[in-house]
Amino acid sequence: MPRTPFLAGNWKMFKTGQQAVDFIREVVPLVAGRAGREVALAVPATALFQAAEAARGSGIAIGAQNLHWEREGAFTGEISAAMAAAAGASLAIVGHSERRQLFGDTDEWVSRKLAAALGADLLAVVCVGETLAQREAGRTLEVLSAQLRGSLAGLSATAAGKGLVMAYEPVWAIGTGKTATKEEAQETQAFIRRELSAMGLPAESIRILYGGSVKPDNAAALMAQPDIDGLLVGGASLKADSFAAIVNF
Ligand code: 13P
């Protein structure tokens, strides 16, 4: 089954609602006419509504960067999948390494957030990736396997086929300017696909994105790899011209 290329920006804690609107107005004409590619921007929660309004009809999907798994409740500072969806999100990033490392997200939490996102009809972009110490210790595959099994625990093949997108983001490549080589990324992503299959999930139809220092000048080479189905872009998604260049790789 062909996998539609998926090009997504993750703005992290950058841009106000108005800045999001300005960006979207600038980027829409730059990426128009690119049929057969899915384009998305994961924006701060405070910019979701304005971004979704600005992107309406453009084909650019707007997403949240994190969610709480409960629908509502006494969880100060959190937002639910239903709230993100009501604000205009059609996807959510779940388990980004910054959440895992800085805010304590565990595989179990990620699995709950994933279920919440899918339950609210959001596409869920689930991130996995090893640290530099883990890679240097030769533990990359073991770490990824554990993250996959924990983060996707309880996920049915039907739900995965409908709403799961995976992202491989080696922690040592995020914001460092050090990209995994296309061979390293391909080899690891092929492993992730084999693991998905071993878990009984429809691996051939699940998109696996690569993230970590993606730039306009490395996007095409990464996208040429058979198991790289899209890109999750941090820093280079903050400027309309560089994000457009990546979308139009
Ligand atoms: P950079 O592209 O800034 O390395 O960030 C990658 C990332 O974390 C995307 O989610």
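In what follows, the structure referred to is the one given above.
Below or above, wherever it landed, is the structure these notes cover. Everything numeric in this text was worked out from a predicted model, so none of it was measured. (Residues numbered from 1 in each chain as written. Predicted model: local features only at pLDDT ≥ 70, side-chain atom pairs only at ≥ 80, totals over all residues. Heavy atoms only, no water.)

Secondary structure summary: the chain contains 11 helices and eight strands in total. For 249 residues, the compact-globule estimate of 2.2 N^0.38 gives 18 Å, and the C-alpha radius of gyration of the chain, at 17 Å, lies within 12% of that figure. By residue count, 52% of the 249 residues in the chain fall in the buried class. The long-range share in the chain, meaning contacts at least 24 apart out of those at least 6 apart in sequence, stands at 72%. Working note: accessible area of the chain is about 10,800 Å², and carbon and sulfur atoms make up 54% of it. Distance from the positive charge centre (23 side chains) to the negative charge centre (25 side chains) of the chain: 2 Å. (Helix = DSSP H or I, 4+ residues; strand = E, 2+ residues; numbered from the N terminus. Rg over C-alpha atoms; globule rule 2.2 N^0.38 Å. Buried < 20%, exposed > 50% of the residue type's maximum accessible area, 1.4 Å probe, protein only. Contact = heavy atoms within 4.5 Å. Areas by Shrake-Rupley, 256 points an atom, 1.4 Å probe, with all protein chains shown as cover. Lys, Arg positive; Asp, Glu negative; His and termini not counted. Charge placed at Lys NZ, Arg CZ, Asp CG, Glu CD.)

Moving on: the nonpolar core. Ile62, Leu152, Met166, Leu196, Tyr210 and Leu231 are the most contacted members of the largest nonpolar core, which has 67 residues in total. Leu196 has contacts with Leu148, Leu152, Met166, Leu201, Ala203, Ile206 and Ile208, leaving out every residue within four places of it along the chain. Phe6, Ala8, Ala40 and Ala42 belong to the second-largest nonpolar core, a separate cluster that totals 12 residues. (Core = buried A, V, L, I, M, F, W, Y, C linked by side-chain atoms within 4.5 Å.)

Next up on the list: the sheet that holds strand β6 (residues 164-168). Strand order in the closed barrel formed by eight strands is β1-β2-β3-β4-β5-β6-β7-β8, and the pairing between neighbours is parallel. The average undirected angle you get between the axes of adjacent strands in this sheet is 25°. Where helix α9 (residues 182-198) meets the sheet, its contacts fall on β5 (123-128), β6 and β7 (207-211), and the angle it forms with β7 comes to roughly 145°. Of the strands in this sheet, β1 (6-10), β7 and β8 (230-233) touch helix α10 (residues 216-223), which is tilted by about 150° from β8. (Pairing = 2+ DSSP bridges. Axes fitted to C-alpha atoms, helices over the stretch in contact; angles between N-to-C directions.)

Next up on the list: helix α5 (residues 107-119). Here α5 is 13 residues long and its end C-alpha atoms lie 18 Å apart, about the 18 Å a rise of 1.5 Å per residue gives. At the exit of α5 stands Asp121, carrying a positive phi of roughly 65°. (Expected span 1.5 Å × (residues − 1).)

What follows is about the site of the ligand. Around the ligand sit Asn10, Lys12, His96, Glu169, Ala173, Ile174, Gly175, Gly212, Ser213, Leu232, Gly234 and Gly235, and that is every residue in its neighbourhood. A distance of 2.8 Å separates an oxygen atom of the ligand from a polar atom in the side chain of Glu169. Out of a free accessible area of 300 Å², the ligand has 96% covered by protein chains. For the shell around the ligand, the class distribution of residues is three nonpolar, seven polar and two charged. (Near = heavy atom within 4 Å. Polar contact = N/O pair within 3.5 Å; in protein donor to acceptor, adjacent residues only side chain to side chain. Nonpolar A, V, L, I, M, F, W, Y, C, P; charged D, E, K, R; others polar.)

All right, on to the environment of Arg207 then. With respect to the element layout, Arg207 can be found in strand β7. The spatial distance from the C-alpha of Arg207 to the C-alpha of Pro5 is 7.8 Å, given a sequence separation of 202 residues. Ignoring sequence-local partners within four residues, the contact set of Arg207 consists of Arg3, Thr4, Phe6, Glu38, Leu123, Val165, Met166 and Asp229. Of the polar contacts made by the side chain of Arg207, one reaches the side chain of Glu38; its length is 3.1 Å.

Turning our eyes to something else, we now look at the packing of aromatic side chains. In this structure the tally under the stated criterion is four aromatic pairs. Taking the centre distance of 4.9 Å and the plane angle of 80° together, the rings of Trp11 and Phe23 count as edge-to-face. With Trp11 in the loop between β1 and α1 (17-31) and Phe23 in helix α1, this pair connects stretches of sequence that are 12 residues apart. Neither residue differs from the other here; Trp11 and Phe23 are each classed as buried. Summarising the aromatic geometry, the rings of Trp69 and Trp109 are spaced 5.4 Å apart at their centres and angled 55° between planes, so their arrangement reads as tilted. Highlighted residues: Trp69 in the loop between β3 (60-64) and α3 (81-86) and Trp109 in helix α5, separated in sequence by 40 residues. On the basis of relative accessibility, which here comes to 32%, the residue Trp109 falls in the partly exposed class. Over the ring of Trp11 we find Lys15; its NZ or CZ atom is 5.3 Å from the centre of that ring. Here the basic side chain of Arg37 rests over the ring of Phe249, its NZ or CZ set 3.9 Å away from the ring centre. (Phe/Tyr/Trp six-rings, centres within 6.5 Å; stacked < 30°, edge-to-face > 60°. Lys NZ or Arg CZ within 6 Å of the ring centre and 35° of its normal.)

So far we have only geometry, and geometry alone does not tell us how the molecule works.
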